[in-house]
Amino acid sequence: QYQKEQLGRNAQRPHSQVAVARHVQQERMEIGIHAAYVPIASQDLNFRVLPAPETHMVLCYLPEGRETFYGIEILKALAKKHPEVPFCILANDGGKDAQKIPNLHYMGTVGRKKMEELFGKCSVLLRYPEHDGLPVMMLEAQGFGRQVIHRYPFPYVITPEEDSIESIDAALRKVLS
């Protein structure tokens, strides 16, 4: 409702809004707001394909205080299904949950150099928040030659057939096999 009220103010003006992803554009259209689809990307993206890692690692973004929105329960379920695969979680130190699942590694906030190192070690970026636009992290992962599993369709991204642990796990198994 809040989004409808805020965005509705400009609904009469054609293309008074920009949508960075097709699904965001569609959401706005559903509430009567015209938005131009403009996939805006950072100028700082690195498009240097890194060699494939020797072992699998899943890279995840789970900012502190927004764990539920960014899919902590999905990550926990997948980590339990794949105990041999490390899941590296960025932007979160894990707090009281840090030691509960041995293959969930909370990395906290890292700098650009450490990010490139982690992209070099990971085989897949799993990004499955409740809602998302066009995340730079996803574009970076692709630029480094990494697979991406994301809730929303995007070129060269693996999108699970449905929002269930089983379907997300099937997508992850495709990468891990």
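The residue numbers shown here count from 1 along each chain, following its written sequence. pLDDT decides what is reported in this predicted model: residues at 70 or higher carry local features, side-chain atom pairs at 80 or more are listed and counted, and totals for whole chains, interfaces and linings draw on all residues regardless. Note that the side-chain values use all heavy atoms of the structure and ignore hydrogens as well as water.

(A) Representation of the environment of methionine 138 within the structure. Strands here mean DSSP runs of E at least two residues long; helices mean DSSP runs of H or I at least four residues long; both are numbered from the N terminus. Of note, methionine 138 is situated in helix α5 (residues 136–143). Relative accessibility decides the category of a residue: with a 1.4 Å probe and only protein chains considered, values under 20% of the type maximum give buried, values over 50% give exposed, and everything between is partly exposed. With a relative accessible area of 1%, methionine 138 lands in the buried category. As for methionine 138 and leucine 125, which are separated by 13 residues in sequence, their C-alpha atoms are 7.2 Å apart.

(B) Structural detail: the sheet that holds strand β6 (residues 124–127). For two strands to count as paired, DSSP must find a minimum of two bridges between them. Ordered in space as β5-β4-β3-β6-β7, the five strands form an open sheet in which the pairing is parallel. The open sheet terminates on both sides in strands that have one partner only, identified here as β5 (104–108) and β7 (147–150). Between one strand axis and the next, the sheet turns through 25° on average, direction left out of account. Axis angles are defined between N-to-C directions and span 0 to 180 degrees, where every axis is a line fitted to C-alpha atoms and, for a helix, only to the segment in contact.

(C) Broad picture of the packing of aromatic side chains. Any two of the Phe, Tyr and Trp rings considered here, Trp counted by its six-membered ring, make a pair once their centres fall within 6.5 Å; the pair's planes then place it as stacked at under 30 degrees, edge-to-face at over 60, or tilted in between. Taken as a whole, this structure holds three aromatic pairs when the rule is applied. Between phenylalanine 69 and tyrosine 70, the ring centres sit 5.2 Å apart and the planes meet at 70°, which makes this aromatic pair edge-to-face. Residue tyrosine 70 is classed as buried on the basis of its relative accessible area, which comes to 12%. What links up through ring pairs into an aromatic cluster is the set Tyr61, Phe69 and Tyr70. Cation over ring: arginine 66 sits above phenylalanine 69, and NZ or CZ is 4.5 Å from the ring centre. The criterion for a charge sitting over a ring is simple: Lys NZ or Arg CZ within 6 Å of the ring centre, and within 35 degrees of the ring normal.

(D) Seen up close, the nonpolar core. For the purposes of this section, nonpolar cores are sets of buried Ala, Val, Leu, Ile, Met, Phe, Trp, Tyr and Cys residues that join through side-chain atoms within 4.5 Å. Of all hydrophobic cores here, the largest spans 25 residues; its most connected members are Val58, Phe87, Leu126, Ile149 and Leu172. Of all elements in the fold, only β3 (58–61), α3 (72–81), β4 (87–90), β5, β6 and α6 (165–176) reach the threshold of two or more residues within this core. When neighbours within four sequence positions are excluded, phenylalanine 87 is seen to be in contact with Val58, Cys60, Leu78, Ala79, His82, Asn103, Leu104, His105 and Leu172. Met57, Leu125, Leu139 and Val157 belong to the second-largest nonpolar core, a separate cluster that totals 19 residues. The criterion used for residue contact is that any of the two residues' heavy atoms lie within 4.5 Å.

(E) The arrangement of the pairing of β5 in detail. Residues Leu104, Tyr106 and Gly108 line the buried face of β5, whereas the alternating positions His105 and Met107 sit on a face that is not buried. Bridge analysis of β4 against β5 gives four bridges, and the strand direction is parallel. Residue pairing in the sheet places isoleucine 89 in a bridge with tyrosine 106 of β5.

(F) Summary view of the pattern of salt bridges. Every case where a carboxyl oxygen of Asp or Glu lies within 4 Å of a side-chain nitrogen of Lys or Arg is listed as a salt bridge. Enumeration over the complete set of coordinates arrives at seven salt bridges. Residue lysine 114 is joined to glutamate 117 by a salt bridge in which the shortest nitrogen-to-oxygen separation is 3.2 Å. In this pair, lysine 114 and glutamate 117 both sit in helix α4 (residues 112–121), three residues apart, roughly one turn of the helix. On the basis of relative accessible area, glutamate 117 is assigned to the partly exposed category, the value being 36%.

(G) Looking closely at unusual backbone geometry. At alanine 91, a position not held by glycine, the phi torsion is positive, near 70°. The topology assignment puts alanine 91 in the loop between β4 and β5. Despite not being glycine, tyrosine 156 shows a phi value in the positive range, around 65°. Structurally, tyrosine 156 can be placed in the loop between β7 and α6. A relative accessible area of 80% means that tyrosine 156 is categorised as exposed.

(H) Representation of α6. The length a helix should cover is 1.5 Å for every residue beyond the first. Between its terminal C-alpha atoms α6 stretches 16 Å, which fits the 16 Å expected from 12 residues at 1.5 Å a residue. Residues Ser167, Ile168, Asp169, Ala171, Leu172, Val175 and Leu176 constitute the buried set of α6.

(I) Region of interest: α5. For α5, the tally of buried residues reaches six of eight residues, placing the bulk of the element in the interior. All of the buried residues along α5 are Met137, Met138, Leu139, Glu140, Ala141 and Gly143. Buried positions along α5 lie against β3, β4, α4, β6 and β7. Glycine 145 occupies a position one or two residues after α5 and carries a positive phi of about 85°.

In short, geometric facts, not functional conclusions.
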